[in-house]
Every structure is written in structure tokens, then in C-alpha cells.
Amino acid sequence: MHVDVLTTFPELFATQPPALLGVSMPRRAIDAGALTVSATDIRTFTHDKHQKTDDRPFGGGPGMVMMCQPVWDAFDHVEKPRAGARRQRVYFTPQGTPLSQELVAHLASCEHLVMLAGHYEGIDERVIEELAPLEVSLGDFVVSGGEVAALVTIDAIARLLPGVLGHEDSSVQDSFSVFAPPQGFSTARDGLSSSKQSKRLLDCPHYTKPREWRGRAVPDVLLSGDHEAIAKWRHAERLRRTFVRRPDLL
Ligand SMILES: C[S@@+](CC[C@H](N)C(=O)[O-])C[C@H]1O[C@@H](n2cnc3c(N)ncnc32)[C@H](O)[C@@H]1O
């Protein structure tokens, strides 16, 4: 998987520590050869001698708007050498589809992602219409630039790339993964098979040493060595947590 980020702050995408892409899972993905990331400065493509990428909005009002031509040329520059790759263009905007684990899985299945990070008031609508990217939002709030959204998305993708997470920290146990109930686990009264009962659930709680801390004990079942009972307990906790915290997922 290759990710090209089009930005006016390419230095934020360094892949050496302590940069975000230089540590933890993104680092593992890069070291494993599963992920490469390049950041391209949109300013390089301006025809303006001051390397301006933005101008005042037509119709007046506050702020600046990023211009079509440098953005268009930046896409052309990174896409031409990878013609034929399974590609997805992504534009980060608070008006886009909220980022979800399902969306991350879709992005992780592509060969080439071209991510566009906006600034100021945003980007001239005409180049967005022409590029027809997937518009993705981090949530219902506004940050100053799309770079933070690109970094979050790249991190989430890195975890899903083959060979990046070991068995011990496999992403299939994370929140929002599809959980099928363990064998013999039943809450359904309608005779649904396990696969039909599979749901995107929140993860169960986790514990480690010591067995007791400030009067709080680890649940007995986790110390029992009974793997079947542990699997059932974990599934029940996933359901309980999801019901209490995110009933919309059920
Ligand atoms: C200050 S914001 C512009 C917000 C825009 N005027 C609006 O209200 O829709 C500047 C840039 O930050 C990025 N951005 C801001 N909030 C975001 C969010 N929730 N998700 C993804 N990107 C966001 C986008 O790339 C956007 O072009």
C-alpha cells in the first residue's frame, strides 16, 4: 500500500521517530514493507512566484480558499507514475462520511491512496467535483487542517495491513470488529446461527498484573484457565458494554 498525502505541511508526515508515522504500528507497517507514505507539498505546483495556494473567496467573507490548479496538478503528479493501481482519492472535510472501522478496512484494501488535506476555509469546490474523492470526516467538529485526519487514518489503516499486528494484538479483537459469539454462547431466542448473530461490538475490558489493585480484583473467570468460560465471559462483556455505551451498534 502506498499513501500519497497532498498537503502544505509535508514535514508532518516524517517517518522517523518521534514523528507519529515513525513510531508504533505505522513504524511496524513501514518496516514490514506493507506501507510507504510520501507527502507532497501542494505549493510546489503553484504558478505564483510567492507559492500562494489560496486566495480570497468570491462573494466575500472571512478566510481564504485553496485554489484548484495547484491541487489538480499535485494529484496528476502523484497519480501518473502509479497508473493502473487500485486507487482511492480521499479528501478530509468535516462534511464527509464519518471515519469508521468499516471505511478504514475499505481503504486498507486499496493499493494506492491519495489523501488531500485542506486548510483555511477549505478547497475550491470545482476541483473537488472534478476529482470526485471519497470525502471523509473525523467527526462533527472542526480542526484547522486535514493533516491530523490523514495521520489518524494512516495509523488506523496500518494496523489492518497484513503482517503488521502479531497474533497477540490482533485487530480482530478491537472495538468495531465483527464479533461472532463463541461456540455454545447464546442470547438469541430465534435460533439464529453464530454468523447471523455477528455484530460490530466494543471490546471487552482487559486486566493484567497485579491480581488485586486498590481493593479491585481481576474477575475470577480470567484466572480460571477455562478458555471456553473466558471466551463466553468476554463475549458477554462485549455485548454488555456495547448495549450500555453504544446501543446504536446493536
Ligand atoms: C478550518 S477547516 C474548514 C472547515 C470548512 N469551512 C467547513 O466548515 O466545512 C480546514 C480543513 O481542515 C480539515 N478538517 C477540519 N475538520 C475536519 C474534520 N472533522 N474531519 C476531517 N477534516 C477536517 C479539512 O481538510 C478542511 O478543509
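Scroll up to find the structure this text is about.
Note that this is a predicted model, so its numbers are computed, not measured.

Novice: Looking at this structure, how should I read the overall build of the chain?
Specialist: Scanning the chain from terminus to terminus reveals six helices and eleven strands. In terms of overall dimensions, the chain has a C-alpha envelope of 70 × 45 × 40 Å along the principal axes. Looking at the chain residue by residue over its 250 residues, the buried ones come to 26%. In the chain, 74% of the contacts between residues at least 6 apart in sequence involve partners at least 24 apart.

Novice: Honestly, the packing of helix α1 (residues 24-31) against helix α5 (residues 147-160) in this entry has me stumped. Any pointers?
Specialist: For any two helices packed against each other, one specifies the crossing angle of their axes together with the interaxial distance. Closest axis-to-axis distance for the α1/α5 pair is 8 Å, and the angle between their directions is 55 degrees. Between α1 and α5, the crossing angle belongs to the class labelled oblique. You can see that α1 and α5 cross each other, and the crossing is left-handed. Only Ile 154, Asp 155, Ala 158 and Arg 159 of α5 make contact with α1, whose side of the interface consists of Met 25, Pro 26 and Ala 29. Residues of the contact of α1 with α5, tallied by class, amount to five nonpolar, no polar and two charged.

Novice: How should I be thinking about the pairing of strand β2 (residues 36-41) in this particular structure?
Specialist: Two faces, one strand: in a regular strand the side chains alternate between the faces of the sheet. In this structure, strand β1 (residues 2-7) lies alongside β2, joined through six bridges in parallel fashion. Bridge pairing in β2 places Thr 7 opposite Asp 41. A crossover connection joins β1 to the parallel β2 through α1; in handedness this β-α-β unit is right-handed.

Novice: How should the pairing of strand β6 (residues 112-117) be read in this particular structure?
Specialist: In terms of residue burial, β6 counts as a mostly covered element, since five of its six residues are buried. As paired strands, β1 and β6 are joined by five bridges and run parallel to one another. Residue pairing for β6: Leu 6 is matched across the bridge by Leu 116. Handedness of the strand β5 (residues 87-98)-helix α3 (residues 101-108)-β6 crossover: right-handed.

Novice: Could you clarify how one ought to interpret the site of the ligand in this entry?
Specialist: As a matter of local geometry, the ligand sits amid 19 residues, with Phe 92, Pro 94, Gly 118, Leu 138 and Gly 146 nearest to it. In terms of residue count, the dominant contributor to the shell around the ligand is β5 (four residues). Grouping the amino acids of the shell around the ligand by side-chain chemistry returns eight nonpolar, ten polar and one charged.

Novice: Honestly, the sheet that holds strand β7 (residues 134-137) in this entry has me stumped. Any pointers?
Specialist: Strand-to-strand pairing in sheets goes through backbone hydrogen bonds, with the strands running parallel or antiparallel. Spatially, five strands are ordered β2-β1-β6-β5-β7 in an open sheet, and the strand pairing comes out parallel. Of all the strands in the sheet, the pair left with one neighbour each is β2 and β7. Neighbouring strand axes in the sheet, compared pairwise and without regard to direction, differ in orientation by 30 degrees on average.

Novice: Mind showing me how you'd approach unusual backbone geometry here?
Specialist: In most cases, non-glycine residues show a negative phi, while peptide bonds are predominantly trans. Between Pro 17 and Pro 18 the backbone carries a cis peptide bond, its omega angle lying at 5 degrees. Residues Lys 209 and Pro 210 are joined by a peptide bond in cis, for which omega reads 0 degrees. Tracing the backbone through its elements, the reader meets Pro 210 in the loop between β9 (199-200) and β10 (212-213). Not every positive phi belongs to a glycine, and Tyr 120 is a case in point at roughly 55 degrees.

Novice: Sorry, what's going on with the packing of α3 against α5 here?
Specialist: Relative orientation of the contacting elements α3 and α5 amounts to 70 degrees, with a least axis distance of 9 Å. Looking at the two axes, α3 sits roughly perpendicular to α5. Of the residues in α5, those touching α3 at Val 104, Ala 105, Leu 107 and Ala 108 are Thr 153, Ala 156, Ile 157 and Leu 160. Residues that form the contact of α3 with α5 fall into these classes: seven nonpolar, one polar and no charged.

Novice: Could you clarify how one ought to interpret α1 in this entry?
Specialist: For the α-helix, the turn length of 3.6 residues means that residues three or four positions removed from each other point alike. Burial in α1 covers these residues: Met 25, Pro 26 and Ala 29. Each buried residue of α1 lies within a common arc of 100 degrees when the element is viewed along its axis, so the set occupies one face. For α1, the secondary structure elements touched by its buried residues are α5. Phi for Gly 33, located one or two positions after α1, is positive at around 80 degrees.

Basis of the calculations
Residues numbered from 1 in each chain as written. Predicted model: local features only at pLDDT ≥ 70, side-chain atom pairs only at ≥ 80, totals over all residues. Helix = DSSP H or I, 4+ residues; strand = E, 2+ residues; numbered from the N terminus. Buried ≥ 20, exposed ≤ 12 C-beta atoms within 10 Å, placed from the backbone. Contact = placed C-beta atoms within 7 Å. Axes fitted to C-alpha atoms, helices over the stretch in contact; angles between N-to-C directions. Parallel < 35°, antiparallel > 145°, perpendicular 65-115°, else oblique. Left-handed = near helix turned anticlockwise from the far one by under 90°. Nonpolar A, V, L, I, M, F, W, Y, C, P; charged D, E, K, R; others polar. Pairing = 2+ DSSP bridges. Right-handed = clockwise from strand over helix to strand, strands pointing away. Near = placed C-beta within 6 Å. Arc of directions from axis to C-beta.

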